[in-house]
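# Structural description and commentary
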Amino acid sequence: MDAPNGGPPPRRGVPPTPVPPVPPVPYTPPPPPPVTGHVLAPAPVRRRPSLAMGAIIGASAFIAVMSLLAGIALVSYTVNGANADSGEPALRDLLHTGTFPDPPPLRTTVSDNPFYALKAPAPIECEVPDIDPASKRSWEAFSAEVGPCLDRLWEPRLADAGMPSDKPTFKVLAEPPDDWSDGPQGQGMTLAFYDSGEQTINVLMPSVTDLADTLPEADEGVWAALLAHEYGHHVQNRVGILERAYDNESEASSRKVELDSLRRTELQAECLGGVGIRGFGGFDATAARTINKLLNGGGDLESHGSSRNRQHWFLQGYKLDTMQSCNTYTAARPLVR
């Protein structure tokens with residue numbers, strides 16, 4: 001997940017590549033990374049969340065503070081509005097499109113976020129098309145249909161929390177970016193990654209083609225789950241979790257602590273991927289288990305967790321009632337190894 005000295009930050013995705021040895025003590029945190037993605041028994045990279053999101057949240061927080069000074073009683077975090085028992089502003093009151101210099105930050109953490117109070121998105125009708133995973137044109141057509149389905153799935157629920165309606169764009173890359181570097185985070189083959197700075201979900205053709213050759217039985221459900229995982233990183237970015245997760249990783253006191261934070265973030269995206277598969281409406285529990293086994297049945301990854309835990313969180317997302325069930329940041333350590 002580290003970027004070369006002076007280079008751009010890393011990305012988070014879905015790959016499998018070897019991890020370098022643990023650095024000597026004292027531990028020196030890595031430079032800012034850029035992306036997150038899905039790895040095949042490997043690790044991903046993610047780009048630090050966009051400055052726009054930070055500006056929106058900060059500006060709104062400033063507005064909330066000014067309201068307090070004006071004697072307006074603000075309320076505690078709730079999904080839909082106010083709770084007069086607390087002095088905390090509602091999330092929707094803090095999210096505003098204005099911009100102000102040096103606004104105070106929104107006080108949320110990776111484990112304590114209004115997002116977790118949301119109900120699971122209601123299933124939609126989405127015809128997931130067939131795909132030839134070895135064809136760039138087929139991938140472009142596939143993401144052009146699956147992407148809007150994921151937008152329709154998540155937008156109503158995020159709107160309930162007053163989130164801005166930024167939608168990610170999808171790209172299919174014939175080769176990795178020129179500045180690509182898996183860094184210490186890489187443990188395998190990166191299939192796709194989310195760039196939070198650009199808000200793009202990127203599919204890497206060389207990797208998905210190799211996987212398709214290895215797993216000829218992988219059908220459109222597996223590839224839809226891959227995109228749903230990356231969209232999960234976009235949701236994390238939208239609600240402010242991804243930025244704080246990156247802060248936790250960059251401020252980690254040791255490589256072990258950094259990897260623990262990274263795994264929790266990736267396993268949460270896996271859980272959100274399970275939410276996506278259920279939300280498409282065309283995959284029953286048997287199909288979901290098959291998809292999960294094909295996508296997450298590989299080796300264990302320091303960056304993305306064990307195969308067993310990746311499968312656990314995917315199914316957790318498939319059957320959850322509220323987003324709290326995807327809160328990997330409060331999960332017991334054995335579930336995030």
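Everything below is about the structure shown above.
First things first, this report covers the structure right here in the doc.

Each value, and the rule that gives it
- Per chain, the residues get numbers from 1 upward, laid out in the order the sequence is written.
- Given that the model is predicted, a residue must reach a pLDDT of at least 70 before its local features are reported, and side-chain atom pairs must reach 80 or more before they are shown or counted; all residues, however, enter totals for whole chains, interfaces and linings.
- Side-chain numbers here rest on the full set of heavy atoms in the structure, without hydrogens or water.
- Numbered from the N terminus, helices here are DSSP runs of H or I no shorter than four residues, and strands are runs of E no shorter than two.
- Exposure is judged per residue with a 1.4 Å probe applied to protein chains only, and the accessible area is read against the type maximum: over 50% gives exposed, under 20% gives buried, and values in between give partly exposed.
- What a helix should span is 1.5 Å times the count of its residues minus one.
- Bend, at a single residue, is the angle you get between axes fitted to the 7 residues ending at that residue and the 7 residues starting at it.
- A pair of strands is treated as paired once DSSP finds two or more bridges between them.
- As used in this structure description, the phrase polar contact means that two N or O atoms lie within 3.5 Å; if the pair is within protein, one of them must be able to donate a hydrogen and the other to accept it, and residues adjacent in sequence are counted only when both atoms belong to side chains.
- Contacts: residue pairs with any heavy atoms within 4.5 Å of one another.
- Two cysteine sulfur atoms form a disulfide, by the criterion used here, when they sit within 2.5 Å.
- Lines fitted to C-alpha atoms define the axes here, with helix axes fitted over just the stretch in contact, and angles between the N-to-C directions of these axes take values from 0 to 180 degrees.
- Oblique is the label for every angle not falling under 35 degrees (roughly parallel), over 145 degrees (roughly antiparallel), or within 65 to 115 degrees (roughly perpendicular).
- For any helix crossing, the convention is left-handed if the near helix is rotated counterclockwise from the far helix by under a right angle, and right-handed if that rotation is clockwise.
- Three classes are used: nonpolar for Ala, Val, Leu, Ile, Met, Phe, Trp, Tyr, Cys and Pro, charged for Asp, Glu, Lys and Arg, and polar for all others, with Gly counted as polar.
- We count a salt bridge whenever a side-chain nitrogen from Lys or Arg sits within 4 Å of a carboxyl oxygen from Asp or Glu.

### Some thoughts on unusual backbone geometry
- Residue Gln199 is not a glycine yet carries a positive backbone phi of 55 degrees.
- Tracing the backbone shows Gln199 in the loop between strand E5 (189-195) and strand E6 (200-204).
- Since its relative accessible area comes to 16%, Gln199 is described here as buried.

### Side note on helix H3 (residues 136-160)
- Taking 1.5 Å per residue as the helical rise, H3 with its 25 residues ought to reach 36 Å, and the 36 Å between its terminal C-alpha atoms agrees with that figure.
- Along H3, the sharpest change in direction is near 30 degrees and occurs at Trp154; proline Pro156 comes one to four residues later.
- Positive phi shows up at Gly162, right after H3, with a value of about 75 degrees.

### Remarks on the pairing of E5
- For E5, the tally of buried residues reaches six of seven residues, placing the bulk of the element in the interior.
- In this sheet, E6 lies alongside E5 in antiparallel orientation, the contact comprising four bridges. Paired with Tyr194 across the two strands is Ile201, which belongs to E6.
- In sequence, E5 turns back onto E6 through a hairpin of four residues, with Gln199 there showing a positive phi of about 55 degrees.

### Quick notes on the pairing of E6
- Most of E6 is tucked away, with five of its five residues classed as buried.
- Residue alternation in E6 divides its side chains into two sets, Thr200, Asn202 and Leu204 and Ile201 and Val203, and both sets are buried.
- In the sheet, strand E4 (residues 169-173) pairs with E6 via five bridges, with the strands oriented parallel. Directly across from Leu173, in E6, lies its bridge partner Leu204.

### Quick look at the side chain of Thr200
- Its place among the elements puts Thr200 in strand E6.
- A distance of 3.1 Å separates the side chain of Thr200 from the side chain of Asn202, its partner in a polar contact.
- Residues in contact with Thr200, not counting those within four places in the same chain, are Thr169, Lys171, Phe193, Tyr194 and Asp195.

### Observations concerning the state of the cysteines
- According to the stated counting rule, one finds two disulfides in the structure shown.
- What pairs with Cys126 in a disulfide is Cys149, and their sulfur atoms sit 2.0 Å apart. Between Cys126 and Cys149 the disulfide shows an S-S torsion of about 90 degrees. By sign, it is right-handed. Here the residue Cys126 occupies a position in the loop between helix H2 (91-94) and H3, and Cys149 occupies one in helix H3, the gap between them amounting to 23 residues.
- Covalent S-S linkage joins Cys271 and Cys326, the inter-sulfur distance amounting to 1.9 Å. Between Cys271 and Cys326, the disulfide has an S-S torsion of -85 degrees and is therefore left-handed. Taken together, the positions of Cys271 in helix H7 (residues 255-279) and Cys326 in the segment after helix H9 (307-319) put the pair 55 residues apart, joining distant regions of the chain.

### Digging into the packing of H3 against helix H5 (residues 220-239)
- H5 packs onto H3 with a crossing angle of 45 degrees between their chain directions and a minimal axis gap of 10 Å. Between H3 and H5, the interaxial angle falls into the category oblique. H3 and H5 meet at a crossing whose hand is right-handed. From H3, Trp139, Phe142, Ser143, Val146, Gly147, Leu150, Asp151, Trp154, Glu155 and Leu158 reach across to H5, where they touch Glu220, Trp223, Ala224, Leu226, Leu227, Ala228, Tyr231, Val235, Arg238 and Val239.
- Taken together, the residues of the contact of H3 with H5 break down into 14 nonpolar, two polar and four charged.

### Topic: the pattern of salt bridges
- Counted by the stated rule, this structure contains five salt bridges.
- The partner of Arg157 in a salt bridge is Asp160, with the nearest N and O atoms 2.9 Å apart. Placement of the pair is Arg157 and Asp160 together in helix H3, with a separation of three residues, close to one helical turn.
- Given a relative accessible area of 17%, Arg157 falls into the buried group.
- With a shortest N-O distance of 2.9 Å, Asp260 and Arg264 are connected by a salt bridge. You can see Asp260 and its partner Arg264 sitting in helix H7, four residues apart, about one turn around the helix. Exposure class is identical for Asp260 and Arg264. Each is buried.

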